[in-house]
Amino acid sequence: METLNNFLLEVPRMASDDYVGFTFFVGCMAMMAASAFFFLSMSSFDKKWRTSILVSGLITFIAAVHYYYMRGYWADVSESPTFFRYVDWILTVPLMCVEFYLILKAAGATKKHMWTLIVASTAMLVFGYWGEAVDPGRAQIWGAISGAAYFYVVYLIFFGELKNLATSAGGETLRAHNILAKFVLIGWAIYPLGYMIGTADGQWYSFLADAVGQSGRDVVYNVGDAINKIGFGLVVYGWAVAGSKES
Ligand SMILES: *C/C=C(C)/C=C/C=C(C)/C=C/C1=C(C)CCCC1(C)C
């Protein structure tokens, strides 16, 4: 009976000074709340805007499910849930690329624009996973290649055709594009910091891990996810609200 109860409730033991566990727990709740908000608000928008809000909700919902598992994983084994982390990213980051496409679709963005972003950001994540999980001895090299893919994404959004389309659209669409672009430039730049903390052993930047401990990686990633997934979704939401008023 006790086993069954433990299974059903799955209450993790969490020390009161387990700050990493705390961010997993709060992250999970925040992602759930954001998903409920996005999904429930869908019916108040015209059809034209709904897909974008749906994608915002899917991003936070997929993250909520992964945070549920990551929280449990951390509570059970006190290790970075690197596998779940990257499965989550490989699903949610392409969806963020889809958001750029959806926002600029009316301005002429094509599937090709969308797939270019998806392929580049997926490469960024695959190389990052390689450095963190498969070949950590050469984490710096894999991280640098991953970083190159990241800068290519930044380039496409800031200077590529997507930027031209946003400029030609003007108004709320340009505004939303510019804010989302800043999320990619500043918000996404949080992640390499977590990567460096997690792979700092024996590197010249080992002072990073000495300062916060290797589990600092998860705090950095969790904060990054909350900002980028929920914040990003809210910008799209604001774009849809403003656009609904315009038309
Ligand atoms: C919701 C999750 C998001 C927005 C995740 C974004 C992840 C990144 C931008 C990761 C970038 C990395 C580098 C640029 C280099 C080092 C390896 C990574 C994968 C941490």
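Data block above holds the structure.
These lines cover the structure that appears in this document, whether it is placed above or below. Predicted, not measured: the structure shown is a model, and the values here were computed from it. (Residues numbered from 1 in each chain as written. Predicted model: local features only at pLDDT ≥ 70, side-chain atom pairs only at ≥ 80, totals over all residues. Heavy atoms only, no water.)

### Structural notes on the environment of Val-93
As a reminder, the rule being used: Where helices and strands are cited, they refer to DSSP runs of H or I of at least four residues and of E of at least two residues respectively, numbered from the N terminus. We call a residue buried when its accessible area falls under 20% of the maximum for its residue type, exposed when it is over 50%, and partly exposed in between, using a 1.4 Å probe and counting protein chains only. Whether two residues are in contact is decided by their heavy atoms, any of which lying within 4.5 Å being enough.
If you trace the backbone, Val-93 turns up in helix 4 (residues 82-104). Owing to a relative accessible area of 7%, Val-93 belongs among the buried residues under this scheme. Between the C-alpha atom of Val-93 and that of Asp-225, which follows or precedes it by 132 residues, the distance is 11 Å. Beyond its immediate chain neighbours, meaning those up to four positions away, Val-93 contacts Ser-121, Leu-125 and Trp-188.

### Thoughts on a nonpolar patch on the surface
To keep things clear, this is the line we draw: Each patch is assembled from residues with relative accessible area greater than 30% and no salt bridge, linking like charges that lie within 9 Å and nonpolar side chains (Val, Leu, Ile, Met, Phe, Trp, Tyr) that lie within 5 Å. For the accessible areas, the method is Shrake-Rupley and the probe is 1.4 Å, while residue cover comes only from the protein chains on display. In the sections that follow, a salt bridge refers to a side-chain nitrogen of Lys or Arg positioned within 4 Å of a carboxyl oxygen of Asp or Glu.
On the surface, Phe-22, Phe-25, Val-26, Met-29, Met-32, Phe-39, Leu-54, Leu-58, Phe-61, Val-65, Tyr-68 and Tyr-69 cluster together to form a nonpolar patch covering roughly 1,000 Å² of accessible area. At the level of secondary structure, the elements contributing two or more residues to the nonpolar patch comprise helix 2 (19-41) and helix 3 (47-77). With respect to the helices, strands and loops of the structure, Phe-61 is situated in helix 3. Classification of Phe-61 as partly exposed rests on a relative accessible area of 42%.

### Overview of the site of the ligand
Operational definition: The cutoff for a nearby residue is simple: one of its non-hydrogen atoms must lie within 4 Å of the molecule or strand. Each residue is assigned to one class: nonpolar for Ala, Val, Leu, Ile, Met, Phe, Trp, Tyr, Cys and Pro, charged for Asp, Glu, Lys and Arg, and polar for all the others, Gly among them.
Around the ligand, 17 residues are found, and the nearest of them are Trp-89, Met-124, Ser-146, Tyr-191 and Lys-229. Its free accessible area being 530 Å², the ligand has 98% of it covered by the protein chains. Those elements that provide at least two residues to the shell around the ligand are helix 4, helix 5 (111-134), helix 6 (139-158), helix 9 (190-198) and helix 11 (216-246). At five residues, helix 4 tops the list of elements feeding residues into the shell around the ligand. Of the residues assigned to the shell around the ligand, the class counts are 11 nonpolar, four polar and two charged.

### Notes on the packing of helix 6 against helix 8 (residues 171-187)
Our working definition: Every angle, taken between N-to-C directions, lies between 0 and 180 degrees, and every axis is a line fitted to C-alpha atoms, over only the stretch in contact when it is a helix. Oblique is the label for any angle not under 35 degrees, not over 145, and not in the 65 to 115 range, which are roughly parallel, roughly antiparallel and roughly perpendicular in turn. What makes a crossing left-handed is the near helix being turned counterclockwise from the far one by less than a right angle; a clockwise turn instead makes it right-handed.
Contact pair helix 6 / helix 8: the axes reach a minimum separation of 10 Å and the direction vectors enclose 165 degrees. Here helix 6 is positioned roughly antiparallel relative to helix 8, judged by the angle of their axes. For the pair helix 6 and helix 8, the sense of crossing is left-handed. Where helix 6 abuts helix 8, its residues Tyr-150, Val-153, Val-154, Ile-157 and Phe-158 lie against His-177, Ala-181, Lys-182, Val-184 and Leu-185. Partitioned by chemical class, the residues of the contact of helix 6 with helix 8 number eight nonpolar, one polar and one charged.

### Some words on the nonpolar core
Rule in force here: Put simply, buried Ala, Val, Leu, Ile, Met, Phe, Trp, Tyr and Cys residues joined by side-chain atoms within 4.5 Å make one nonpolar core.
Core analysis: the biggest nonpolar cluster contains 62 residues, and Leu-117, Val-184 and Trp-188 have the highest contact counts within it. Sort the elements by how many residues they give to this core and helix 4 lands first, with 12 residues. With residues up to four places along the chain from it excluded, the contact list for Trp-188 reads Val-93, Met-96, Met-124, Tyr-150, Val-153, Phe-183 and Asn-228. Counting residues in each nonpolar core, the second largest holds six residues, with Ile-197, Tyr-205, Ala-209 and Val-220 among its members.

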